[in-house]
Amino acid sequence: MIYVVDVDHISLAFAARSETQAAEIAGSRQFARAIGRPCTDRQGVRASTHQLRVATAQEQGVFHDMSAEFADAQADILVARVG
């Protein structure tokens, strides 16, 4: 499933196996650092007002198009701007 976090008028999408896993990813310090948001309280996106949601059909399409470009990349997770 593809999930989205809206951060300062930017929508960022990533894949996760479940909503629980998506919440863990979006709430991690590593995710906050990856998107360029300092995380002084060590609670990642979860500590802010950013909401995790399932991607729309259009956002899923953009995510899949972008991920196809990086199909050979060795990365744990791809975070793509979809809006």
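An account of the accompanying structure is given in this report.

What counts, and where the lines are drawn
Residues numbered from 1 in each chain as written. Predicted model: local features only at pLDDT ≥ 70, side-chain atom pairs only at ≥ 80, totals over all residues. Heavy atoms only, no water. Salt bridge = Lys/Arg side-chain N within 4 Å of Asp/Glu carboxyl O. Helix = DSSP H or I, 4+ residues; strand = E, 2+ residues; numbered from the N terminus. Buried < 20%, exposed > 50% of the residue type's maximum accessible area, 1.4 Å probe, protein only.

1. Observations concerning the pattern of salt bridges
In step 1: For the structure shown, the criterion picks out two salt bridges.
In step 2: A salt bridge links aspartate 6 to arginine 53; the nearest nitrogen and oxygen atoms lie 3.0 Å apart. Here aspartate 6 is found in strand E1 (residues 2-7), whereas its partner arginine 53 is found in strand E3 (residues 52-54), with 47 residues between them in sequence.
In step 3: Across the pair arginine 53 and glutamate 59 runs a salt bridge whose closest N-O atoms are separated by 2.8 Å.
In step 4: Residue class for arginine 53 comes out partly exposed when judged on its relative accessible area of 27%.
In step 5: The class of glutamate 59 is buried, set by a relative accessible area of 10%.
In step 6: Via salt bridges that share partners, Asp6, Arg53 and Glu59 belong to a single interconnected network.

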